[in-house]
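Chain residues, written in single-letter form:
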Amino acid sequence: MADDAALTELEARLGYSFADPALLRQAVSHRSWVAEHPGEVDNERLEFLGDAIVGLVVADLVYRRHPDLLEGPLTALRISVVNASALAAAARDLELGQHIQLGRGEMRAQGREKDSILSDAFEAVMGAVWLDGGPTAAFGLVERLLGPRLDDSALRLDRLDHKSALQEMTVRLFDCAPVYVLTDVGPAHDKWYTATVLVNGEALGVGEGRSKKVAEQAAADHAIGHLEATQAPADPPVSGSDA
């Protein structure tokens, strides 16, 4: 079980002190750990609540901060922040992974580095804050943690449609379009999707999310980063001649 000192350290990084520390303890309790500790409660219900809260707060922020944008760009901005990769990055900034309670199998599988576990824990913490401090506390925390990421995304709004950007890149570089392979886990009402993007049969990016669209956009973004890092531009021709 997460000790009080560790939870106090996490509270300090969150900038929020829980009236009921048991909620924070539950928020960092993964189901694999609870399976080995009968009587404890996992974070899945809190994650369900936090998922809705994060989505609502970010949608509200996008709407209010960008009154000039139409639905399409608003959706792109929201997805740029509310996806597994982005929420996992926010969790890493909080060093949340070191506080997540995992079972032995997930520990061996380095579960604290998995985007799915980190993003779920982040959402669970937001759900715990909502229950502990109410809507105002939760809204303020989500805005403080994700607002700067939202502003960064707004600066590159023209690149947020990662699938279109990747297709343009692969056609230019390889004269082919990317192919997305989707897998999913979980019941019909709570599926988790993983998308792998293939270019000429080679896997260049992987993304995860609660919808096919989010997973594919995340995979495309990953692939773009890979191509930008590996496809160095050709050396420019040397001007002039020694002849």
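How each quantity is defined
Residues numbered from 1 in each chain as written. Predicted model: local features only at pLDDT ≥ 70, side-chain atom pairs only at ≥ 80, totals over all residues. Heavy atoms only, no water. Helix = DSSP H or I, 4+ residues; strand = E, 2+ residues; numbered from the N terminus. Buried < 20%, exposed > 50% of the residue type's maximum accessible area, 1.4 Å probe, protein only. Areas by Shrake-Rupley, 256 points an atom, 1.4 Å probe, with all protein chains shown as cover. Lys, Arg positive; Asp, Glu negative; His and termini not counted. Charge placed at Lys NZ, Arg CZ, Asp CG, Glu CD. Phe/Tyr/Trp six-rings, centres within 6.5 Å; stacked < 30°, edge-to-face > 60°. Pairing = 2+ DSSP bridges. Axes fitted to C-alpha atoms, helices over the stretch in contact; angles between N-to-C directions. Contact = heavy atoms within 4.5 Å. Salt bridge = Lys/Arg side-chain N within 4 Å of Asp/Glu carboxyl O. Core = buried A, V, L, I, M, F, W, Y, C linked by side-chain atoms within 4.5 Å.

Right, let's talk about the overall build of the protein for a bit. Helix and strand content of the protein: 10 helices and three strands. Of all 243 residues assigned to the protein, the portion counted as buried reaches 44%. When the accessible area of the protein is evaluated, it comes to approximately 13000 Å², of which 53% is carbon and sulfur surface. Mean positive and mean negative side-chain charge positions of the protein (22 and 38 charges, respectively) differ by 3 Å.

Another aspect to go through is the side chain of Gln101. Along the chain, the position of Gln101 falls in the loop between α6 (84-93) and α7 (104-108). Taking relative accessible area as the criterion, Gln101 reaches 13% and is therefore assigned buried.

Tallied over the full model, the rule gives one aromatic pair. Ring centres of Tyr16 and Phe18 lie 5.0 Å apart, and the angle between their planes is 90°; on these two criteria the pair is classed as edge-to-face. On the basis of relative accessibility, which here comes to 16%, the residue Tyr16 falls in the buried class. Under the relative-accessibility criterion, Phe18 is labelled buried at 6%.

Strand order in the open sheet made by the three strands is β1-β2-β3, with antiparallel pairing throughout. Pairing within the sheet leaves two strands with one partner each, and these edge strands are β1 (179-185) and β3 (202-209). Across the sheet, the mean angle from the axis of one strand to that of its neighbour is 20°, orientation sign disregarded. Here β1 runs beside strand β2 (residues 192-199); their pairing, made up of seven bridges, is antiparallel. Looking at the pairing, Asp184 lines up with Tyr193 of β2. On the sheet, helix α10 (residues 212-230) packs against β1, β2 and β3 and is oriented at approximately 140° with respect to β3.

Let's shift gears to the pattern of salt bridges. Opposite charge on two side chains makes pairing possible when the charged atoms of those side chains draw close. Applying the stated criterion across every chain, the model contains 19 salt bridges. Glu95 is paired through a salt bridge with Arg13; the nearest N and O atoms lie 3.9 Å apart. With Glu95 in the loop between α6 and α7 and Arg13 in helix α1 (residues 4-14), this residue pair connects regions lying 82 residues apart in the sequence. Each of the salt bridges in this network shares a partner with another, and the network as a whole consists of Glu47, Asp51, Asp120, Glu123, Asp190 and Arg210.

A word on the pairing of β3. Here seven bridges tie β2 to β3, and the two strands are oriented antiparallel to one another. When the bridges of β3 are listed, Val197 appears paired with Gly205.

This next bit is on the nonpolar core. Counting 44 residues, the largest nonpolar core has Leu14, Val54, Val58, Leu96, Phe122, Met126 and Leu146 as its most contacted members. Going through the elements one at a time, α1, α2 (21-27), α4 (44-65), α5 (71-81), α6 and α8 (115-155) are the ones with two or more residues in this core. Considering every element that reaches this core, the biggest residue donor is α8, with 15 residues. If we skip the residues at most four places from it in the chain, Leu146 touches Val54, Val58, Val81, Leu87, Ala90 and Phe122. Grouped together as the second largest cluster of nonpolar side chains are 15 residues, Cys176, Tyr193, Leu204 and Ile224 included.

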